[in-house]
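Chain by chain, the residues run as shown.
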Amino acid sequence: MKQENWNIIAGYLSGEDLDDEELRVIEQYKTNHKEWGETVDLFNNLSDVAKMRRFDAQKAWDKLQEKHNYKTSTRRLSVSHITMKYAAAIAVLLVVPVLFWYFLTSQNQITYTTANNDNSRPVYVLSDGSKVTLNHGSTITYSKKFNNDKREIQLTGEAYFDVLPDAERPFMVVTDAAEVNVLGTSFNVNAYPGATNIEVAVSSGVVEFKSKNNSVIQLKQGEKGIFERKTNKMAIHSTFNKNDIAWVTRQIEFNATNLGKILPVLEKAHNINVKIEDDVDTTLLLTATFNQQDADYIFDVIGITLNLEIEQIEDDVYLIKNIK
Amino acid sequence: MDKNEQLFSQFLKGNRKSFEILFKRFYAQLCYYAYKYVNDFDEAEDIVQGFFAKMWDSKSSVNINTSVKNYFFRSVRNLCLNQIKHYKVVDQHRKESLRDMVTSENDNVIYDYALVNRINQCIDELPPKRREIFVLSREYDLKYREIAERLNISVKTVETQMGLALKELRVKLGDIKKMIIGLILILKS
């Protein structure tokens, strides 16, 4: 059966409104396929099970343990009452400063982190109104006093910044080996710790890109600055590829680009792995623009256009092969 | 795998590890079983946890003359029935589930539990985004439009992902009927 028909059936069973054409498909399926009943049963079962709680034995066990441990410890307290009192006093003396310190630091710092497989790309609005979009496997940390005199933010990984202009309070992104100073602009900082380079791509305005050993370059709109970790060298590329920030814009453009170059772009934009069989011709050219489409859709287009078979072999792994 | 009976007699001698194994082996099954009576997830968990806690506390006086599995299920059932009796107003649904369940056999519950597990497993195996969409639709009963807004994707994408999910689950769970028959045969043998 065609995928389109599965979509219609799923919509019908989910209670979505269908148009006449779609309803005709349903009627046809009902009369012509004896597994219609089975599909309905399955879908109802799926809905019921999805709504059921998943009883977590480990959690329940921990809860039970807690109750029992509580009982035993109160009994012990009554046996040697005085000793326990002193122990408790000492414990309080030890614990209070730690808690206080923890309270202070947690009050002062705000941290956001995304996991390596987190492709949700959360957008955080800072207290000054600037926006940060966080790519997978990344962390930003900033002080609660962020807005007072300077706007400083620590980054590990990759983030896209949309900074509100404020000449009084420069905006500063600090990474492990370089920093970026700006007044008001949008730009992307790619500073994954293991990577060869730290890259800054500017989509509007001007930024100052400074390494830890104080080399400084100015980057204008449309430029990309590259800092090579090993040599501490900095360089300006006069054009940055819009596809570099596709992970945040979800806009990808290929202009007679060969398959070999397309794949790294897609891998970066969608945080996936693409494997390719040896006999596939990587010089095949593709011209296409994608806007907001997911990886499945893009691979459908590539498969049809270049006459290739593309299979999703794991959640985030795709395999490209020739049609046999 | 250790035999239930063996673990149970070790537990009666105060072996906490054996008790833990039995607890984890039966917890979810008993919760599903209890849920069928009380029709409330929290209450089901409370009853099953209460049963195990009480059993641990009174292990010196526990004496069973049937299989451990039977003893667990029968005890939880009695606790559920007591619980239901406590309600001053028994609503229609509870009355119905009571009538249906009083005569039911433990074995039915086991395959229900296996079935629930199997379905959950297949849902979990969907690609993450597809799974998220599917769960929002089926668990939270959101309309496609609401899902699209929440995830910032097009309604068309939701449609496609739901279609793909249905197709995938249909293939994976196509042998559900076979599975039930297989399980009953195993249990009866």
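Procedures and definitions
Residues numbered from 1 in each chain as written. Chains lettered and ligands numbered in written order. Predicted model: local features only at pLDDT ≥ 70, side-chain atom pairs only at ≥ 80, totals over all residues. Heavy atoms only, no water. Helix = DSSP H or I, 4+ residues; strand = E, 2+ residues; numbered from the N terminus. Buried < 20%, exposed > 50% of the residue type's maximum accessible area, 1.4 Å probe, protein only. Areas by Shrake-Rupley, 256 points an atom, 1.4 Å probe, with all protein chains shown as cover. Expected span 1.5 Å × (residues − 1). Pairing = 2+ DSSP bridges. Axes fitted to C-alpha atoms, helices over the stretch in contact; angles between N-to-C directions. pLDDT = per-residue confidence, 0-100. Contact = heavy atoms within 4.5 Å. Parallel < 35°, antiparallel > 145°, perpendicular 65-115°, else oblique. Left-handed = near helix turned anticlockwise from the far one by under 90°. Nonpolar A, V, L, I, M, F, W, Y, C, P; charged D, E, K, R; others polar. Salt bridge = Lys/Arg side-chain N within 4 Å of Asp/Glu carboxyl O. Buried area = accessible area lost by both parts, 1.4 Å probe. Polar contact = N/O pair within 3.5 Å; in protein donor to acceptor, adjacent residues only side chain to side chain.

### As for the overall build of chain A
Consideration 1: Each helix and strand counted, chain A has 8 helices and 18 strands in total.
Consideration 2: Classification of the 324 residues of chain A by burial places 40% in the buried group.
Consideration 3: Summing over all exposed atoms, chain A offers an accessible surface of approximately 18,500 Å²; the carbon and sulfur share of this is 53%.

### Looking at helix α9 (residues 155–172) of chain B
Consideration 1: Between its first and last C-alpha atoms α9(B) spans 26 Å; for 18 residues at 1.5 Å apiece the expected length is 26 Å, and the two agree.
Consideration 2: Those residues of α9(B) that fall on the buried side of the exposure criterion are T157(B), V158(B), Q161(B), M162(B), G163(B), A165(B), L166(B), L169(B) and R170(B).

### Describing the sheet that holds strand β17 (residues 308–314) of chain A
Across a sheet, strands are paired by hydrogen bonds formed along the backbone, either parallel or antiparallel in direction.
Residues and elements named next belong to chain A.
Consideration 1: Pairing in this open sheet of 3 strands is mixed, and the strands run β15-β18-β17 from one edge to the other. A strand with exactly one partner marks an edge of an open sheet, and here the two such strands are β15 (273–276) and β17. Neighbour to neighbour, the strand axes of the sheet diverge by 25° on average, direction disregarded.
Consideration 2: Where β17 meets strand β18 (residues 317–322), 6 bridges bridge the pair, whose relative direction is antiparallel.

### Comments concerning the confidence of the model for chain A
Consideration 1: Mean pLDDT over chain A: 83, with 92% of residues reaching 70 or higher.
Consideration 2: Here residues 70–78 of chain A is modelled with pLDDT under 50, and outside its nearest four sequence neighbours on either side it reaches 2 contacts, counting other chains as well.

### Structural notes on the confidence of the model for chain B
Residue and element names in this part refer to chain B.
Consideration 1: Taken residue by residue, chain B gives an average pLDDT of 79. The fraction at 70 or more is 77%.
Consideration 2: Across residues 101–108, confidence stays below pLDDT 50; counting only partners more than four residues off in sequence or on other chains, it has 10 contacts.
Consideration 3: Contacts of residues 180–189 to residues separated by more than four positions or lying in other chains number 8 contacts, the stretch itself having pLDDT below 50.

### What about the packing of helix α1 (residues 4–12) of chain B against helix α2 (residues 16–38) of chain B?
All names here are of chain B.
Consideration 1: Where α1 contacts α2, the axes come no closer than 8 Å and their chain directions differ by 135°. Taken together, the axes of α1 and α2 lie oblique to each other. α2 is crossed by α1, and the crossing has left-handed handedness. In this structure, α1 uses N4, L7, F8, Q10 and F11 to contact α2, whose residues at the interface are S18, F19, I21, L22, R25 and F26.

### Details of the packing of helix α1 (residues 3–13) of chain A against helix α2 (residues 20–32) of chain A
The geometry of a pair of packed helices is captured by two quantities: the angle between their axes and the separation between those axes.
All names here are of chain A.
Consideration 1: Taken N-terminus to C-terminus, the directions of α1 and α2 make an angle of 95°; their axes are 10 Å apart at the nearest point. In terms of axis orientation, α1 runs roughly perpendicular to α2. Across the interface between the two elements, N5, I8, I9 and Y12 of α1 pack against E22, V25, I26, Y29 and K30 of α2.
Consideration 2: Residues of the contact of α1 with α2, tallied by class, amount to 6 nonpolar, 1 polar and 2 charged.

### Focus: the pattern of salt bridges
Any two side chains of opposite charge can pair, on the condition that their charged atoms come close.
Consideration 1: A full pass over the atoms with the stated rule returns 25 salt bridges over all chains.
Consideration 2: Between E45(B) and R53(A) there is a salt bridge, with the nearest N and O atoms lying 2.8 Å from each other. Of this pair, E45(B) sits in helix α3 (residues 41–57) while R53(A) is found in the loop between α3 (36–51) and α4 (57–79), placing the two residues in two different chains.
Consideration 3: Classification of R53(A) as partly exposed rests on a relative accessible area of 26%.
Consideration 4: Of the charged contacts, one joins E223(A) and K220(A) as a salt bridge, the two residues approaching to 4.0 Å between their closest N and O atoms.
Consideration 5: Connected through salt bridges with shared partners, the residues D296(A), E125(B), R130(B), E168(B) and K172(B) form a single ionic network.

### Some remarks on the interface of chain B and chain A
Consideration 1: Opposite the 52 residues of chain B that make contact, chain A presents 41 residues.
Consideration 2: If you sort the residues of chain B by the area they bury against chain A, R138(B), L166(B) and R170(B) come out on top, with a joint share of 17%.
Consideration 3: Taken together, chain B and chain A are joined by 7 salt bridges.
Consideration 4: The closest approach of N and O atoms between D124(B) and R54(A), which form a salt bridge, is 2.8 Å.
Consideration 5: Where chain B touches chain A, the interface holds 18 residue pairs in polar contact (both at pLDDT 80 or more).
Consideration 6: Elements represented by at least two residues in the side of chain B that touches chain A include exactly α2, α3, α6 (106–124), α7 (128–138), α9 and α10 (176–188) of chain B.

### Looking at the environment of V116(B)
Consideration 1: Take V116(B): it is sitting in helix α6.
Consideration 2: Here the alpha-carbon distance between V116(B) and Y32(B), two residues 84 residues apart in the chain, equals 9.4 Å.
Consideration 3: Setting aside anything within four residues of it in sequence, one finds V116(B) in contact with V49(A), M52(A) and Y32(B).

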